[in-house]
Amino acid sequence: MGGRLRALIRKELLAALRDPRSRMMLIMPPLLQLLVFSYAATLEVTNVSIGVLN
Amino acid sequence: MPGARFGALLVKESIQIVRDPSSILIALVLPLILLFLFGYGVSLDANVVRIGLVVEQAEGPAEDLAAAFQASRYFEVEVASDIRALEDDLVAGIIRGIVVIPATFDRDFGSADGQAAFQVIADGSEPNTANFVQNYATGVWNTWLAQQTAIGEGQAPVIALAPRFWFNPELASRYFLVPGSMAIVMTLIGTLLTALVVAREWERGTMEAMMATPVGILELLLGKLIPYFVLALGSMALCTVLAVTLFGVPMRGSVPALLAISMAFLLPALGQGLLISAATKNQFVASQAALLSGFLPAFLLSGFIFEIDSMPTVIQWITVIVPARYLIASLQTVFLAGDIWALFLPNIGAMLLIGLVFFVLAARSTKKRLD
């Protein structure tokens, strides 16, 4: 059972990584999300535009 | 006759929507879930904060100040006479801050130069709560100082700051969370649902069948979009009614303005859904792409929860092409401030422009060929 399972795992990985589209889908979105959203998600409040009435 | 043909396409699509359980789920059940989640569940509001209070010498002004902290409705106070007793609690997260009134407080408060100091320690691992601890402590201090001045014991501050909160005086976070979640709902229906449905047609081969008919590309695309347009507007109406009646969100703008903004947003949303389905032609990939490029930006990059001004400049440039950004700004304005057309018109223009780009790209991707 273990040997069969390992063979199946290997086959799935090869199939997923062979197709350029699914390769991209596995690598690009996590990278993009990590970079963009971790910078974007901030609960600090900075650079607030205010008006001053003198 | 093109008119009758188009009408027949519309009727067909509408019947398909009603028959399809996933459409009803995403268009009716999901908005309700999201609305209740953001209206009742998520709360960025000020709440009662548990803190510890160390009074090293309980007499005179120190005791007064300690009593002010204990009486404050923002704090739930655990008193001790030594800070070491509270340190473990702070690390464990049971209390979120410690206020230390040192033994020298009495002496310094009564002295000539009046520089009495007390310490506020806040748990920085949750910056939001730490800010609240700081601000509340400052508030309690200012109130107590004003009382002391009134009875002649302290010094009046040189400048008095009187903050006023326009548009949302109670600072209720649901007043901006609920309109924001309406934007999420419209993105889900416009982008995700459309992408799924059209990709499903590609997968099942019924798109090929449609291409064998004399129907033109424009009629085909419009015939798909208009029923989802109406569906999304219906969902928006449901959410608005719930927001105003159930959550008490004020509606200070006019209904035509709200309609104009929503219709302007649905153009880029539907266009994006169409583009994704035409480019991927596969339900699974279409749903992934719709979530990644439609839902996540609408959630994180649109100003819904995270302020755009606080993001790094590069990310701020990215938000310029997220249509939800313009919708959130307009929705929050129309609900909380009123009809400010000087804000609405540029936002509507930006959304229409982005929608136009998406539609042109989608039309070019949907060729009446099978390769």
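In this text, all values refer to a predicted model and were calculated from it rather than measured experimentally.

**Q** Explain the nonpolar core to me, using residue names and the numbers behind them.
**A** Residues and elements named next belong to chain B. L301, L327, L331, V334 and F335 are the most contacted members of the largest nonpolar core, which has 85 residues in total. The element that contributes the greatest number of residues to this core is helix α7 (residues 174-204), accounting for 18 residues. With near-sequence residues (within four places) excluded, V334 lies in contact with M251, R252, G253, S254, A257, L258, I261, D339 and F344. Grouped together as the second largest cluster of nonpolar side chains are 22 residues, L65, F69, V99 and W141 included.

**Q** Please provide a residue-by-residue account of the pattern of salt bridges, values included.
**A** Residue and element names in this part refer to chain B. This structure, assessed with the given rule, holds 11 salt bridges over all chains. With a closest N to O distance of 2.4 Å, E13 and K224 form a salt bridge. Here E13 is found in helix α1 (residues 2-19), whereas its partner K224 is found in helix α9 (residues 217-245), with 211 residues between them in sequence. As far as burial versus exposure is concerned, E13 and K224 are alike and both buried.

**Q** Before we move on, can you summarise the interface of chain A and chain B with the specific residues and values?
**A** Taken together, the contacts link 16 residues of chain A with 17 residues of chain B. With both chains or domains summed, chain A and chain B bury close to 1500 Å², and 71% of this area falls on carbon and sulfur atoms. Considering only the side of chain A, the residues that lose the most area to chain B are F37, A40 and L43 of chain A, jointly responsible for 32% of the buried surface there. Taken together, the connections running from chain A to chain B amount to 0 salt bridges. Counting the contacts that link chain A with chain B gives 2 residue pairs in polar contact (both at pLDDT 80 or more).

**Q** Could you give an account of the environment of A130 of chain B, with specific residues and numbers?
**A** Residues and elements named next belong to chain B. Summarising the element assignment, A130 is placed in helix α6 (residues 127-150). The exposure class of A130 is buried, given its relative accessible area of 11%. Residues within four places of A130 in sequence aside, it is in contact with A122, D123 and G124.

About the cut-offs
Residues numbered from 1 in each chain as written. Chains lettered and ligands numbered in written order. Predicted model: local features only at pLDDT ≥ 70, side-chain atom pairs only at ≥ 80, totals over all residues. Heavy atoms only, no water. Core = buried A, V, L, I, M, F, W, Y, C linked by side-chain atoms within 4.5 Å. Buried < 20%, exposed > 50% of the residue type's maximum accessible area, 1.4 Å probe, protein only. Helix = DSSP H or I, 4+ residues; strand = E, 2+ residues; numbered from the N terminus. Contact = heavy atoms within 4.5 Å. Salt bridge = Lys/Arg side-chain N within 4 Å of Asp/Glu carboxyl O. Buried area = accessible area lost by both parts, 1.4 Å probe. Polar contact = N/O pair within 3.5 Å; in protein donor to acceptor, adjacent residues only side chain to side chain.

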